[in-house]
Amino acid sequence: MEMKRTVVPKKAKQVREVHPQWEWTEPSVWTDKMLATLDKGVKGGVWFSLIDKVWSISNLESAWSKVAANRGSAGIDNVSIKQYRRDAEKRLNRTSELLKQGRYQPAGVKRVWIDKAGSKEKRPLGIPTITDRIMQTALRNVIEPIFEKIFCENSFGFRPGKSCKDALRRVEGLLKQDYKYIVDADLKGYFDTIPKDKLMKLVEEQIADSKVLALIQQYLNQEVMDAAKSWTPETGTPQGAVISPLLANIYLNPLDWLMLENGYEMTRYADDFVVMCKTENEAHQAMKIIKEWTEKVGLILHPTKTKIINANTDIFNFLGYKFKQGTKYPSDKSIKKYRDSIRKRTRRTNAHSLETIIEIIKPIQRGWFEYFKHSHKNAFPDQDGWTRRRLRSILKKREKRRGIATCYKDNIRYPNALFDKLGFFSMVGSHAKLRQSPT
(Lines give C-alpha, C1' and ligand atoms only; values in the text may rest on other atoms or scores of the structure.)
Protein backbone atom coordinates (compact mmCIF):
# COMPACT_ATOMS: atom_id res chain seq x y z
CA MET A 1 0.00 0.00 0.00
CA GLU A 2 1.43 3.35 -1.03
CA MET A 3 2.22 5.63 1.88
CA LYS A 4 0.17 8.81 1.86
CA ARG A 5 2.47 11.78 1.49
CA THR A 6 1.93 14.79 3.70
CA VAL A 7 2.63 17.93 1.75
CA VAL A 8 3.61 21.29 3.16
CA PRO A 9 0.32 22.96 4.04
CA LYS A 10 -0.50 26.16 2.23
CA LYS A 11 -1.03 29.10 4.53
CA ALA A 12 -4.74 29.56 5.08
CA LYS A 13 -6.06 32.69 3.46
CA GLN A 14 -8.22 34.39 6.00
CA VAL A 15 -10.09 37.54 5.08
CA ARG A 16 -8.84 40.27 7.38
CA GLU A 17 -9.22 43.99 7.07
CA VAL A 18 -6.02 45.00 8.79
CA HIS A 19 -3.67 47.94 8.58
CA PRO A 20 -0.78 47.27 6.16
CA GLN A 21 1.53 47.43 9.17
CA TRP A 22 0.14 44.08 10.34
CA GLU A 23 -0.45 42.25 7.05
CA TRP A 24 2.55 40.00 7.71
CA THR A 25 1.15 38.61 10.97
CA GLU A 26 -0.02 35.01 11.21
CA PRO A 27 -3.82 35.11 10.63
CA SER A 28 -4.51 31.96 12.64
CA VAL A 29 -3.05 33.76 15.68
CA TRP A 30 -3.55 37.46 15.09
CA THR A 31 -7.24 37.78 14.34
CA ASP A 32 -8.96 41.13 13.84
CA LYS A 33 -9.83 41.16 17.53
CA MET A 34 -6.26 40.42 18.62
CA LEU A 35 -4.86 43.12 16.33
CA ALA A 36 -7.40 45.64 17.63
CA THR A 37 -6.18 44.87 21.15
CA LEU A 38 -2.58 45.25 19.99
CA ASP A 39 -3.32 48.67 18.51
CA LYS A 40 -5.20 50.10 21.48
CA GLY A 41 -3.05 48.44 24.13
CA VAL A 42 -3.66 45.34 26.19
CA LYS A 43 -5.22 45.70 29.63
CA GLY A 44 -2.53 45.94 32.28
CA GLY A 45 0.19 46.52 29.71
CA VAL A 46 1.28 42.87 29.50
CA TRP A 47 -0.01 39.86 27.57
CA PHE A 48 -1.42 36.79 29.28
CA SER A 49 -2.82 33.55 27.84
CA LEU A 50 -0.62 33.19 24.77
CA ILE A 51 0.61 29.61 25.03
CA ASP A 52 -2.55 28.17 23.48
CA LYS A 53 -1.81 30.25 20.39
CA VAL A 54 1.65 28.67 20.20
CA TRP A 55 0.49 25.06 20.31
CA SER A 56 -2.52 25.49 18.00
CA ILE A 57 -2.29 23.11 15.04
CA SER A 58 -3.02 25.88 12.52
CA ASN A 59 -0.08 27.91 13.84
CA LEU A 60 2.23 24.88 13.87
CA GLU A 61 1.21 24.03 10.29
CA SER A 62 2.03 27.58 9.21
CA ALA A 63 5.35 27.37 11.03
CA TRP A 64 6.16 24.04 9.37
CA SER A 65 5.41 25.58 5.97
CA LYS A 66 7.92 28.37 6.62
CA VAL A 67 10.59 26.00 7.92
CA ALA A 68 10.16 23.67 4.94
CA ALA A 69 10.41 26.60 2.51
CA ASN A 70 13.69 27.69 4.12
CA ARG A 71 15.05 24.14 3.75
CA GLY A 72 18.19 23.87 5.86
CA SER A 73 20.08 20.95 7.32
CA ALA A 74 19.04 18.34 9.85
CA GLY A 75 19.82 18.88 13.52
CA ILE A 76 21.34 16.45 16.01
CA ASP A 77 18.50 13.96 15.47
CA ASN A 78 19.45 13.71 11.76
CA VAL A 79 15.82 14.23 10.68
CA SER A 80 15.80 16.14 7.39
CA ILE A 81 13.03 18.22 5.85
CA LYS A 82 12.29 15.33 3.47
CA GLN A 83 12.01 12.83 6.33
CA TYR A 84 9.87 15.16 8.44
CA ARG A 85 7.49 15.70 5.53
CA ARG A 86 6.65 11.97 5.31
CA ASP A 87 4.64 12.10 8.53
CA ALA A 88 4.43 15.82 9.23
CA GLU A 89 0.83 15.72 10.44
CA LYS A 90 1.61 13.09 13.06
CA ARG A 91 4.73 14.92 14.21
CA LEU A 92 2.94 18.26 14.51
CA ASN A 93 0.13 16.73 16.56
CA ARG A 94 2.66 15.05 18.82
CA THR A 95 4.55 18.31 19.38
CA SER A 96 1.31 20.15 20.14
CA GLU A 97 0.32 17.54 22.73
CA LEU A 98 3.73 17.60 24.41
CA LEU A 99 3.55 21.37 24.77
CA LYS A 100 0.01 21.22 26.16
CA GLN A 101 1.14 18.64 28.74
CA GLY A 102 4.21 20.65 29.71
CA ARG A 103 6.49 17.83 28.50
CA TYR A 104 8.04 19.48 25.46
CA GLN A 105 11.83 19.71 25.73
CA PRO A 106 14.00 21.31 23.03
CA ALA A 107 16.82 19.11 21.75
CA GLY A 108 20.44 20.20 21.70
CA VAL A 109 21.75 22.51 18.98
CA LYS A 110 24.24 21.05 16.51
CA ARG A 111 27.21 23.38 16.08
CA VAL A 112 28.99 23.63 12.75
CA TRP A 113 31.71 25.98 11.59
CA ILE A 114 31.28 28.01 8.41
CA ASP A 115 33.47 30.46 6.53
CA LYS A 116 33.50 33.98 7.92
CA ALA A 117 32.84 36.59 5.24
CA GLY A 118 36.03 38.23 4.04
CA SER A 119 38.24 36.23 6.39
CA LYS A 120 40.11 32.95 6.66
CA GLU A 121 38.53 32.42 10.07
CA LYS A 122 35.46 30.30 10.78
CA ARG A 123 32.38 31.29 12.71
CA PRO A 124 30.04 29.03 14.65
CA LEU A 125 26.51 28.34 13.49
CA GLY A 126 23.89 26.47 15.50
CA ILE A 127 21.46 24.13 13.74
CA PRO A 128 18.35 23.27 15.80
CA THR A 129 16.29 20.21 14.92
CA ILE A 130 13.38 20.60 12.48
CA THR A 131 10.93 20.24 15.37
CA ASP A 132 12.63 22.99 17.36
CA ARG A 133 12.72 25.27 14.32
CA ILE A 134 8.98 24.75 13.86
CA MET A 135 8.31 25.42 17.52
CA GLN A 136 10.42 28.57 17.52
CA THR A 137 8.68 29.80 14.37
CA ALA A 138 5.29 29.18 15.97
CA LEU A 139 6.46 31.04 19.07
CA ARG A 140 7.74 33.93 16.97
CA ASN A 141 4.38 34.05 15.12
CA VAL A 142 2.75 34.72 18.47
CA ILE A 143 5.12 37.15 20.20
CA GLU A 144 6.77 39.12 17.37
CA PRO A 145 3.86 41.57 16.81
CA ILE A 146 3.88 42.41 20.52
CA PHE A 147 7.46 43.63 20.28
CA GLU A 148 7.08 45.15 16.82
CA LYS A 149 4.56 47.48 18.45
CA ILE A 150 7.29 48.93 20.70
CA PHE A 151 10.34 48.74 18.41
CA CYS A 152 11.94 51.98 17.24
CA GLU A 153 11.50 52.89 13.58
CA ASN A 154 15.26 53.39 13.13
CA SER A 155 15.95 49.68 13.70
CA PHE A 156 15.92 47.72 10.44
CA GLY A 157 17.43 44.27 11.01
CA PHE A 158 15.28 41.13 10.78
CA ARG A 159 12.04 43.06 10.95
CA PRO A 160 8.94 42.65 8.76
CA GLY A 161 8.82 45.18 5.95
CA LYS A 162 12.32 46.50 6.64
CA SER A 163 15.63 45.70 4.96
CA CYS A 164 19.31 46.52 4.61
CA LYS A 165 18.48 48.87 1.76
CA ASP A 166 16.10 50.86 3.96
CA ALA A 167 18.90 51.34 6.50
CA LEU A 168 21.36 52.32 3.76
CA ARG A 169 18.91 54.85 2.28
CA ARG A 170 18.55 56.45 5.70
CA VAL A 171 22.32 56.73 6.12
CA GLU A 172 22.66 58.26 2.64
CA GLY A 173 19.90 60.75 3.37
CA LEU A 174 21.57 61.89 6.57
CA LEU A 175 24.93 62.26 4.83
CA LYS A 176 23.27 64.60 2.32
CA GLN A 177 21.93 66.63 5.26
CA ASP A 178 25.53 67.16 6.46
CA TYR A 179 25.51 64.59 9.27
CA LYS A 180 29.20 64.02 8.63
CA TYR A 181 30.51 62.88 12.03
CA ILE A 182 29.87 59.17 12.42
CA VAL A 183 30.01 57.07 15.57
CA ASP A 184 30.89 53.72 14.00
CA ALA A 185 30.10 51.25 16.80
CA ASP A 186 31.01 47.58 17.01
CA LEU A 187 29.60 45.32 19.73
CA LYS A 188 32.13 42.61 20.47
CA GLY A 189 30.55 39.15 20.20
CA TYR A 190 27.06 40.59 20.68
CA PHE A 191 24.94 37.48 20.15
CA ASP A 192 27.22 35.46 22.45
CA THR A 193 27.35 38.02 25.28
CA ILE A 194 23.73 39.06 25.86
CA PRO A 195 23.00 38.45 29.58
CA LYS A 196 20.10 36.02 29.70
CA ASP A 197 18.60 37.36 32.94
CA LYS A 198 18.50 40.95 31.70
CA LEU A 199 17.04 39.81 28.38
CA MET A 200 14.26 37.89 30.12
CA LYS A 201 13.37 40.97 32.19
CA LEU A 202 12.80 42.92 28.99
CA VAL A 203 10.61 40.11 27.63
CA GLU A 204 8.64 40.05 30.90
CA GLU A 205 7.82 43.75 30.50
CA GLN A 206 5.49 42.75 27.64
CA ILE A 207 4.58 39.10 28.31
CA ALA A 208 3.23 37.60 31.53
CA ASP A 209 2.32 34.10 30.30
CA SER A 210 4.56 31.92 32.46
CA LYS A 211 4.51 29.02 30.00
CA VAL A 212 5.64 31.21 27.11
CA LEU A 213 8.37 32.71 29.29
CA ALA A 214 9.49 29.21 30.30
CA LEU A 215 9.62 28.17 26.64
CA ILE A 216 11.84 31.15 25.77
CA GLN A 217 14.07 30.34 28.72
CA GLN A 218 14.37 26.75 27.50
CA TYR A 219 15.65 27.97 24.15
CA LEU A 220 18.16 30.26 25.82
CA ASN A 221 19.43 27.29 27.82
CA GLN A 222 19.66 24.82 24.96
CA GLU A 223 22.71 22.60 25.04
CA VAL A 224 25.22 23.19 22.25
CA MET A 225 26.75 20.05 20.76
CA ASP A 226 29.62 19.49 18.36
CA ALA A 227 31.91 16.59 17.54
CA ALA A 228 34.18 17.24 20.47
CA LYS A 229 31.96 18.27 23.39
CA SER A 230 28.63 19.64 24.57
CA TRP A 231 27.87 22.54 26.90
CA THR A 232 25.25 25.13 27.87
CA PRO A 233 26.38 28.72 27.23
CA GLU A 234 26.02 31.02 30.24
CA THR A 235 25.26 34.08 28.11
CA GLY A 236 23.94 34.88 24.66
CA THR A 237 21.17 33.75 22.34
CA PRO A 238 21.56 30.52 20.33
CA GLN A 239 23.05 31.49 16.96
CA GLY A 240 21.15 29.98 14.06
CA ALA A 241 17.95 29.75 16.09
CA VAL A 242 14.76 31.16 14.53
CA ILE A 243 13.98 33.17 17.65
CA SER A 244 17.47 34.70 18.13
CA PRO A 245 17.17 37.77 15.84
CA LEU A 246 13.96 38.84 17.60
CA LEU A 247 15.53 38.40 21.04
CA ALA A 248 18.60 40.33 19.91
CA ASN A 249 16.41 43.22 18.73
CA ILE A 250 14.53 43.20 22.04
CA TYR A 251 17.80 43.66 23.95
CA LEU A 252 18.98 46.62 21.85
CA ASN A 253 15.58 48.33 21.64
CA PRO A 254 16.20 50.44 24.79
CA LEU A 255 19.39 51.80 23.16
CA ASP A 256 17.41 52.75 20.04
CA TRP A 257 14.97 54.79 22.13
CA LEU A 258 17.69 56.25 24.36
CA MET A 259 19.52 57.70 21.37
CA LEU A 260 16.29 58.94 19.76
CA GLU A 261 15.13 60.62 22.97
CA ASN A 262 18.50 62.36 23.26
CA GLY A 263 18.18 63.72 19.74
CA TYR A 264 20.71 61.46 18.00
CA GLU A 265 20.27 59.94 14.56
CA MET A 266 21.08 56.26 15.04
CA THR A 267 20.55 53.66 12.30
CA ARG A 268 20.74 50.04 13.41
CA TYR A 269 20.63 46.73 11.60
CA ALA A 270 20.79 43.94 14.22
CA ASP A 271 24.05 44.58 16.11
CA ASP A 272 25.52 46.79 13.38
CA PHE A 273 24.79 50.48 13.95
CA VAL A 274 26.02 54.00 13.30
CA VAL A 275 25.13 57.29 14.99
CA MET A 276 25.34 60.33 12.70
CA CYS A 277 25.98 63.83 14.02
CA LYS A 278 26.55 67.31 12.60
CA THR A 279 29.40 68.22 14.93
CA GLU A 280 32.36 66.38 16.37
CA ASN A 281 31.32 67.35 19.89
CA GLU A 282 27.88 65.76 19.40
CA ALA A 283 29.58 62.58 18.19
CA HIS A 284 31.75 62.42 21.33
CA GLN A 285 28.67 62.94 23.52
CA ALA A 286 26.85 60.16 21.64
CA MET A 287 29.84 57.86 22.10
CA LYS A 288 29.81 58.57 25.84
CA ILE A 289 26.12 57.67 26.13
CA ILE A 290 26.65 54.42 24.18
CA LYS A 291 29.63 53.43 26.33
CA GLU A 292 27.74 54.05 29.57
CA TRP A 293 24.70 52.11 28.34
CA THR A 294 26.65 49.10 27.09
CA GLU A 295 28.58 48.82 30.36
CA LYS A 296 25.31 48.99 32.30
CA VAL A 297 23.67 46.17 30.32
CA GLY A 298 26.68 43.86 30.15
CA LEU A 299 27.75 44.42 26.54
CA ILE A 300 31.23 45.23 25.24
CA LEU A 301 32.19 47.84 22.65
CA HIS A 302 35.12 46.69 20.55
CA PRO A 303 38.04 48.89 21.71
CA THR A 304 39.61 49.38 18.26
CA LYS A 305 36.71 48.96 15.86
CA THR A 306 34.48 51.51 17.64
CA LYS A 307 35.49 55.00 16.52
CA ILE A 308 34.39 58.46 15.41
CA ILE A 309 34.80 59.21 11.71
CA ASN A 310 34.58 62.36 9.61
CA ALA A 311 32.71 61.17 6.52
CA ASN A 312 34.10 64.05 4.45
CA THR A 313 37.66 62.80 4.80
CA ASP A 314 37.49 59.22 6.10
CA ILE A 315 35.96 55.96 4.89
CA PHE A 316 33.38 54.04 6.90
CA ASN A 317 31.70 50.70 6.22
CA PHE A 318 28.08 49.81 6.87
CA LEU A 319 26.13 46.73 5.79
CA GLY A 320 28.63 45.67 3.14
CA TYR A 321 29.03 49.11 1.62
CA LYS A 322 31.99 51.47 1.82
CA PHE A 323 31.09 55.16 2.09
CA LYS A 324 33.76 57.45 0.70
CA GLN A 325 33.09 61.20 0.63
CA GLY A 326 29.37 60.63 0.25
CA THR A 327 29.68 57.98 -2.47
CA LYS A 328 28.88 54.27 -2.06
CA TYR A 329 31.09 51.40 -3.12
CA PRO A 330 31.13 47.70 -2.17
CA SER A 331 33.41 47.26 0.84
CA ASP A 332 36.71 45.43 0.48
CA LYS A 333 35.27 42.58 2.53
CA SER A 334 32.24 42.32 0.23
CA ILE A 335 34.47 42.17 -2.84
CA LYS A 336 36.61 39.48 -1.23
CA LYS A 337 33.53 37.45 -0.36
CA TYR A 338 32.30 37.69 -3.96
CA ARG A 339 35.64 36.67 -5.40
CA ASP A 340 36.08 33.78 -2.97
CA SER A 341 32.70 32.44 -4.05
CA ILE A 342 33.53 32.76 -7.76
CA ARG A 343 37.02 31.36 -7.25
CA LYS A 344 35.66 28.10 -5.82
CA ARG A 345 33.64 27.54 -8.98
CA THR A 346 36.23 28.58 -11.56
CA ARG A 347 39.28 26.52 -10.76
CA ARG A 348 41.44 25.85 -13.82
CA THR A 349 40.93 22.10 -13.32
CA ASN A 350 37.15 22.54 -13.59
CA ALA A 351 35.72 19.74 -15.75
CA HIS A 352 32.50 21.53 -16.78
CA SER A 353 32.02 23.14 -20.16
CA LEU A 354 32.58 26.90 -20.29
CA GLU A 355 28.87 27.45 -20.88
CA THR A 356 28.02 25.39 -17.80
CA ILE A 357 30.54 27.27 -15.65
CA ILE A 358 29.05 30.58 -16.77
CA GLU A 359 25.58 29.31 -15.80
CA ILE A 360 26.90 28.16 -12.40
CA ILE A 361 28.43 31.52 -11.49
CA LYS A 362 25.63 33.65 -12.95
CA PRO A 363 23.38 33.50 -9.82
CA ILE A 364 26.32 34.66 -7.69
CA GLN A 365 27.00 37.57 -10.05
CA ARG A 366 23.33 38.53 -10.22
CA GLY A 367 22.84 38.33 -6.47
CA TRP A 368 25.92 40.41 -5.73
CA PHE A 369 24.97 43.00 -8.34
CA GLU A 370 21.38 43.19 -7.08
CA TYR A 371 22.62 44.19 -3.62
CA PHE A 372 25.34 46.59 -4.81
CA LYS A 373 23.67 47.97 -7.94
CA HIS A 374 23.34 51.43 -6.41
CA SER A 375 27.10 51.73 -6.01
CA HIS A 376 29.20 54.14 -8.06
CA LYS A 377 29.64 52.90 -11.63
CA ASN A 378 33.39 52.44 -11.07
CA ALA A 379 32.64 49.52 -8.73
CA PHE A 380 31.77 47.10 -11.54
CA PRO A 381 34.45 47.02 -14.29
CA ASP A 382 37.01 45.41 -11.97
CA GLN A 383 34.59 42.64 -10.98
CA ASP A 384 33.65 41.85 -14.58
CA GLY A 385 37.30 41.90 -15.64
CA TRP A 386 38.44 39.71 -12.76
CA THR A 387 35.69 37.14 -13.43
CA ARG A 388 36.48 36.98 -17.15
CA ARG A 389 40.14 36.52 -16.27
CA ARG A 390 39.20 33.44 -14.27
CA LEU A 391 37.35 32.05 -17.29
CA ARG A 392 40.22 32.86 -19.66
CA SER A 393 42.60 31.01 -17.35
CA ILE A 394 40.42 27.90 -17.61
CA LEU A 395 40.54 28.04 -21.41
CA LYS A 396 44.27 28.64 -21.36
CA LYS A 397 44.81 25.61 -19.13
CA ARG A 398 42.72 23.44 -21.47
CA GLU A 399 44.92 24.44 -24.38
CA LYS A 400 47.91 23.29 -22.29
CA ARG A 401 49.27 26.81 -22.10
CA ARG A 402 50.98 27.78 -18.86
CA GLY A 403 50.04 30.48 -16.38
CA ILE A 404 46.93 32.47 -15.71
CA ALA A 405 45.38 34.73 -18.32
CA THR A 406 46.72 38.18 -17.58
CA CYS A 407 48.27 39.52 -20.79
CA TYR A 408 46.78 41.47 -23.68
CA LYS A 409 47.21 38.50 -26.03
CA ASP A 410 44.91 36.38 -23.83
CA ASN A 411 42.23 39.07 -24.10
CA ILE A 412 42.52 38.98 -27.88
CA ARG A 413 42.54 35.18 -28.00
CA TYR A 414 39.45 34.95 -25.75
CA PRO A 415 37.46 38.19 -26.35
CA ASN A 416 34.59 39.41 -24.23
CA ALA A 417 32.22 38.54 -27.07
CA LEU A 418 33.03 34.85 -26.57
CA PHE A 419 31.71 34.94 -23.00
CA ASP A 420 28.79 37.22 -23.84
CA LYS A 421 27.64 34.71 -26.47
CA LEU A 422 27.52 32.02 -23.78
CA GLY A 423 25.41 34.17 -21.45
CA PHE A 424 28.02 35.92 -19.27
CA PHE A 425 26.38 38.31 -16.80
CA SER A 426 28.02 41.72 -17.15
CA MET A 427 27.67 44.00 -14.14
CA VAL A 428 28.84 46.96 -16.21
CA GLY A 429 26.15 46.30 -18.81
CA SER A 430 23.46 45.74 -16.19
CA HIS A 431 24.41 48.95 -14.37
CA ALA A 432 24.27 50.92 -17.62
CA LYS A 433 20.76 49.57 -18.33
CA LEU A 434 19.72 50.43 -14.78
CA ARG A 435 20.84 54.03 -15.21
CA GLN A 436 18.91 54.31 -18.49
CA SER A 437 15.74 52.92 -16.92
CA PRO A 438 13.04 55.54 -16.20
CA THR A 439 12.55 53.99 -12.77
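As a reminder, the structure under discussion sits directly above these lines.
Notes on the structure in this doc start here. (Residues numbered from 1 in each chain as written. Predicted model: local features only at pLDDT ≥ 70, side-chain atom pairs only at ≥ 80, totals over all residues. Heavy atoms only, no water.)

What follows concerns the overall build of the protein. From N to C terminus, the protein includes 18 helices and 11 strands. Out of the 439 residues in the protein, the part that is buried amounts to 46%. Intrachain contacts of the protein at a sequence separation of at least 6 include 70% that bridge at least 24 residues. Approximately 23,400 Å² of the protein is accessible, and the part contributed by carbon and sulfur atoms is 50%. Each charge sign in the protein was given a centre, from 80 positive and 51 negative side chains, and these centres are 8 Å apart. (Helix = DSSP H or I, 4+ residues; strand = E, 2+ residues; numbered from the N terminus. Buried < 20%, exposed > 50% of the residue type's maximum accessible area, 1.4 Å probe, protein only. Contact = heavy atoms within 4.5 Å. Areas by Shrake-Rupley, 256 points an atom, 1.4 Å probe, with all protein chains shown as cover. Lys, Arg positive; Asp, Glu negative; His and termini not counted. Charge placed at Lys NZ, Arg CZ, Asp CG, Glu CD.)

Before going further, it helps to examine the pattern of salt bridges. Applying the stated criterion across every chain, the model contains 19 salt bridges. The salt bridge partner of Glu370 is Lys165, with a shortest N-O separation of 3.8 Å. Placement of Glu370 in helix 14 (residues 354-372) and of Lys165 in helix 7 (residues 164-176) is noted, with a sequence separation of 205 residues between them. Classification of Lys165 by relative accessible area gives partly exposed; the value is 24%. Two residues, Asp332 and Lys322, come together in a salt bridge whose shortest N-O distance is 3.4 Å. Here the residue Asp332 occupies a position in helix 13 (residues 332-345), and Lys322 occupies one in strand 10 (residues 321-324), the gap between them amounting to 10 residues. (Salt bridge = Lys/Arg side-chain N within 4 Å of Asp/Glu carboxyl O.)

The next point concerns the nonpolar core. By size, the foremost hydrophobic cluster in this structure holds 76 residues, and its most contacted members are Val54 and Ile143. In terms of residues, this core owes the most to one element, helix 6 (residues 130-148), which gives nine residues. Ignoring any residue separated from it by four or fewer positions in sequence, one finds Val54 in contact with Asn59, Leu60, Leu99, Met135, Ala138, Leu139, Val142, Val212 and Leu215. Counting residues in each nonpolar core, the second largest holds 32 residues, with Cys164, Tyr269, Phe318 and Ile361 among its members. (Core = buried A, V, L, I, M, F, W, Y, C linked by side-chain atoms within 4.5 Å.)

Here we take up the packing of aromatic side chains. One pass over the full model with this rule turns up 13 aromatic pairs. Taking the centre distance of 6.1 Å and the plane angle of 45° together, the rings of Trp22 and Trp24 count as tilted. Ring centres of Tyr321 and Tyr371 lie 5.6 Å apart, and the angle between their planes is 40°; this geometry places the pair in the tilted category. With Tyr321 in strand 10 and Tyr371 in helix 14, the pair connects residues that are 50 residues apart, well separated along the chain. The partly exposed category is assigned to Tyr371, whose relative accessible area is 21%. Members of the aromatic cluster, each reached through a chain of ring pairs, are Tyr321, Tyr338, Trp368, Tyr371 and Phe372. One residue, Lys229, lies across the ring of Trp231, its end atom 5.2 Å from the ring centre. (Phe/Tyr/Trp six-rings, centres within 6.5 Å; stacked < 30°, edge-to-face > 60°. Lys NZ or Arg CZ within 6 Å of the ring centre and 35° of its normal.)

Quick look at the pairing of strand 10 now. Looking along a regular strand, one sees the side chains alternate between the two faces of the sheet. Inspection of the sheet shows strand 9 (residues 315-318) paired to strand 10 by four bridges, in the antiparallel sense. Looking at the pairing, Phe318 lines up with Tyr321 of strand 10. The antiparallel pairing of strand 9 with strand 10 creates a hairpin that spans two residues between the two strands, and Leu319 there sits at a positive phi of about 55°. Bridge count between strand 10 and strand 11 (residues 327-330): four bridges; the pairing is antiparallel. Directly across from Tyr321, in strand 11, lies its bridge partner Pro330. Between the end of strand 10 and the start of strand 11, which pair antiparallel, lie two residues, with Gln325 showing a positive phi angle near 50°. (Pairing = 2+ DSSP bridges.)

What follows deals with the environment of Lys211. With respect to the element layout, Lys211 can be found in helix 10 (residues 210-220). When its relative accessible area of 48% is taken as the criterion, Lys211 is described as partly exposed. When the C-alpha positions of Lys211 and Leu99 are compared, they lie 9.3 Å apart, and in sequence the two are 112 residues distant.

Here we come to helix 9 (residues 196-204). Taken residue by residue, helix 9 has Lys196, Leu199, Met200, Leu202 and Val203 as its buried positions. Buried residues of helix 9, viewed axially, fall in a sector of 155°; they line one side. Packed against the buried residues of helix 9 are helix 6, helix 10 and helix 11 (244-261). (Arc of directions from axis to C-beta.)

Moving on, we come to the sheet that holds strand 3 (residues 181-186). The sheet built from four strands is open, its strands ordered 6-7-3-8 with antiparallel pairing. Whereas interior strands pair on both sides, the edge strands pair on one side only; in this sheet they are strand 6 (265-269) and strand 8 (307-310). Ignoring which end each strand starts from, the neighbouring axes of this sheet average 20° apart. Across four bridges, the pairing between strand 3 and strand 8 is antiparallel. By the bridge assignment, Val183 is partnered in strand 8 with Ile308. Where helix 11 meets the sheet, its contacts fall on strand 6 and strand 7 (272-277), and the angle it forms with strand 6 comes to roughly 165°. (Axes fitted to C-alpha atoms, helices over the stretch in contact; angles between N-to-C directions.)

What follows is about unusual backbone geometry. The phi dihedral of Arg71 is positive, around 60°, even though this residue is not glycine. Mapped onto the fold, Arg71 is located in the loop between helix 3 (57-70) and helix 4 (81-86). Its identity is not glycine, yet Asp178 carries a phi of approximately 70°, on the positive side. Along the chain, Asp178 falls in the loop between helix 7 and strand 3.

Once that is clear, we can look at the packing of helix 13 against helix 15 (residues 381-398). Put simply, helix 13 and helix 15 touch, their axes get as near as 11 Å, and they point 20° apart. Considering their axes alone, helix 13 and helix 15 lie roughly parallel with respect to each other. In terms of crossing hand, the pair formed by helix 13 and helix 15 is right-handed. Listed contacts from helix 15 to Ile335, Tyr338, Arg339, Ile342 and Arg343 of helix 13 are Asp382, Gln383, Trp386, Thr387 and Arg390. In the contact of helix 13 with helix 15, the residues fall into four nonpolar, two polar and four charged. (Parallel < 35°, antiparallel > 145°, perpendicular 65-115°, else oblique. Left-handed = near helix turned anticlockwise from the far one by under 90°. Nonpolar A, V, L, I, M, F, W, Y, C, P; charged D, E, K, R; others polar.)

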